[in-house]
Amino acid sequence: MFSRLRLSALAALLACGAIFPLQAATNACGHLAEQQLRHIATRYPGRMPGSPAEMLNADYLQQQFQALGYDSNKRNFTLHYQYKSQNGHLTDHNATATTVIAARAGEVPQQIIILTHADTYLPQSDSDRQQNLGGLTLQGVDDNASGLGVMLELAQRLSKVPLHYSLRFVALSGEELNQRGEEDYLARMKPEEKKNTLLVIKLDSLVVGDKLYFNSGVNTPEPVARQTRDRALAIARSARIAVSTRGKAVKTEPAADLFDKAGFPLLSVRATNWDLGKQDGNQQRAISHHFPQGTSQHQAAIDNLTYLDRWLPGRITQRMHNSVRILLPLITELVNPKTPSKES
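Residues numbered from 1 in each chain as written. Predicted model: local features only at pLDDT ≥ 70, side-chain atom pairs only at ≥ 80, totals over all residues. Heavy atoms only, no water.

A.B. asks: Please clarify how the overall build of the chain should be interpreted in this entry.
C.D. replies: Looking only at helices and strands, one finds twelve helices and seven strands in the chain. The burial tally for the chain puts 59% of its 344 residues in the buried class. Counted over contacts in the chain with a minimum sequence separation of 6, partners at least 24 positions apart contribute 78%. Carbon and sulfur atoms form 50% of the exposed surface of the chain, whose accessible area is close to 14600 Å². (Helix = DSSP H or I, 4+ residues; strand = E, 2+ residues; numbered from the N terminus. Buried < 20%, exposed > 50% of the residue type's maximum accessible area, 1.4 Å probe, protein only. Contact = heavy atoms within 4.5 Å. Areas by Shrake-Rupley, 256 points an atom, 1.4 Å probe, with all protein chains shown as cover.)

A.B. asks: Looking at this model, I keep getting lost on empty space enclosed by the protein. Mind explaining?
C.D. replies: The final tally for this structure, using the stated rule, is one cavity of 30 Å³ or more. For the largest cavity, the calculated volume is near 30 Å³. Residue lining of the largest cavity: Glu54, Asn57, Ala58, Leu61, Thr98, Val100, Ala118 and Ala171, and that is the complete set. The set of elements that each furnish at least two residues to the lining of the largest cavity consists of helix H4 (52–67) and strand S2 (90–104). Considering every element that reaches the lining of the largest cavity, the biggest residue donor is H4, with four residues. (1 Å grid on protein atoms, 1.4 Å probe; cavity = no way out; pocket = protein on both sides within 12 Å on 5 of 7 lines; lining within 4 Å. Points joined across faces, edges and corners; volume = space filled by probe spheres on them.)

A.B. asks: Just to check I follow, could you spell out the side chain of Ser296 for this structure?
C.D. replies: Counting through the fold element by element, Ser296 comes out in the loop between strand S7 (266–272) and helix H11 (305–311). Here Ser296 falls in the buried class, since its relative accessible area comes to 0%. Not counting residues up to four positions away in its chain, the partners in contact with Ser296 are Asp142, Val208, Gln284, Ile302 and Asp303.

A.B. asks: Would you mind going over the pairing of strand S3 (residues 108–117) with me for this structure?
C.D. replies: Extensive coverage of S3 is indicated by the burial of seven of its ten residues. Alignment of S3 against strand S4 (residues 165–172), held across eight bridges, turns out to be parallel. When the sheet's bridge partners are listed, Thr116 is paired in S4 with Ala171. Strand direction decides the pairing type here: S3 and strand S5 (residues 197–204), joined by six bridges, are parallel. (Pairing = 2+ DSSP bridges.)

A.B. asks: Explain the packing of helix H3 (residues 31–43) against helix H6 (residues 141–158) here, please?
C.D. replies: Helix packing geometry: the angle between the two helix axes and the distance between the axes. It is at 7 Å that the axes of H3 and H6 come closest, and there the two elements cross at 135°. The angle between H3 and H6 falls in the class oblique. The handedness of the crossing between H3 and H6 is right-handed. Contact residues: His31, Leu32, Ala33, Gln36, Leu37, Ile40 and Ala41 in H3; Val141, Ala145, Ser146, Leu148, Gly149, Val150, Leu152, Glu153 and Gln156 in H6. Split into classes, the residues belonging to the contact of H3 with H6 amount to ten nonpolar, five polar and one charged. (Axes fitted to C-alpha atoms, helices over the stretch in contact; angles between N-to-C directions. Parallel < 35°, antiparallel > 145°, perpendicular 65-115°, else oblique. Left-handed = near helix turned anticlockwise from the far one by under 90°. Nonpolar A, V, L, I, M, F, W, Y, C, P; charged D, E, K, R; others polar.)

A.B. asks: Sorry if this is basic, but what is going on with the nonpolar core here?
C.D. replies: When a protein is soluble and globular, its nonpolar side chains tend to lie buried together. Among the nonpolar cores identified, the biggest contains 64 residues, and Leu61, Phe65, Phe169 and Leu327 are the most heavily contacted of them. With ten residues, helix H12 (residues 315–335) is the largest single contributor of residues to this core. Listed in part, the twelve residues of the second largest apolar core include Val200, Phe259, Phe264 and Leu266. (Core = buried A, V, L, I, M, F, W, Y, C linked by side-chain atoms within 4.5 Å.)

A.B. asks: What should I look at first to understand the pattern of salt bridges in this one?
C.D. replies: Opposite charge on two side chains makes pairing possible when the charged atoms of those side chains draw close. Taken as a whole, this structure holds 13 salt bridges when the rule is applied. A salt bridge links Arg157 to Glu153; its shortest N-O distance comes to 2.7 Å. One end of the pair is Arg157 and the other is Glu153, both in helix H6 and four residues apart, which spans about a single turn. In this structure Arg157 comes out as buried when scored by relative accessible area, which is 1%. Between Asp257 and Lys202 there is a salt bridge, and its shortest N-O distance comes to 2.6 Å. On the criterion of sequence distance, the pair formed by Asp257 in the loop between helix H9 (222–238) and helix H10 (258–261) and Lys202 in strand S5 is long-range, its members being 55 residues apart. Because the salt bridges share partners, they merge into one network encompassing Glu34, Arg38 and Asp309. (Salt bridge = Lys/Arg side-chain N within 4 Å of Asp/Glu carboxyl O.)

Here's what the structure looks like:
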């Protein structure tokens, strides 16, 4: 897929600010990602498909990408779902979801997609509401302002990097409804775009889980897995950042990834703990008084800044830093495999 990655590039890229010294003077690696995470979680809670918060967040994301010089647009699509009342009655509902796409063209049409989801959980039953799952107050810090924050910092730091391969950022909506966002995006991809997509990097829930995992998709060819998953692990080791992998573990996640199923090479980046519970990656951490289900997902009372800053102090800063510090040199190498490294 790619030319041989230049290991010597790590020395120039490992410090996030090495490529952008003016930005580095004021912004440490991961600082912008944390700022964006906190801004999105605070200003746009309840980012459910079709909600005012989702539409405002989509506008904000598009403005951020455009300010960085990316070609950006919003894509609407209709979601259909059923709401279950207390007596078991099912009611049909529709929602208009909004996905945000930003792109920079490279020297060739082949592209790398960096993907995350922007929506928070939409209650689908009276039971959901009684358990305070989703809804207007869910900040969705971990799930998934964390992915958005990392995406926006990567977009900023890569905005001036010369590109051999094209780069595309996609903030999906409708992912909390059975991956409808992925389904819609895949359905709209033209055959030529599918052919030219070399890799999809998926960012999801990067804060609460015990360990940060870099996993390949089931259908990812082993040479590509070595250049992506294994390269990410090598960068982490060099930076003394503790990360984990389950190899091609996407196949055992609770829901099959649609990009992987469609045959796209995939690198999944997610924080969880595969050793706990059913060992399917669904339980993020050990069950405790503050995390009684071993997860924060969809829980408005837990997945918020006040709660996570109190019971996981420093975690947001750490994970934003670690995620960007690993992904920035990795993606820079992948989009410019022929670019000579800048050695001091």
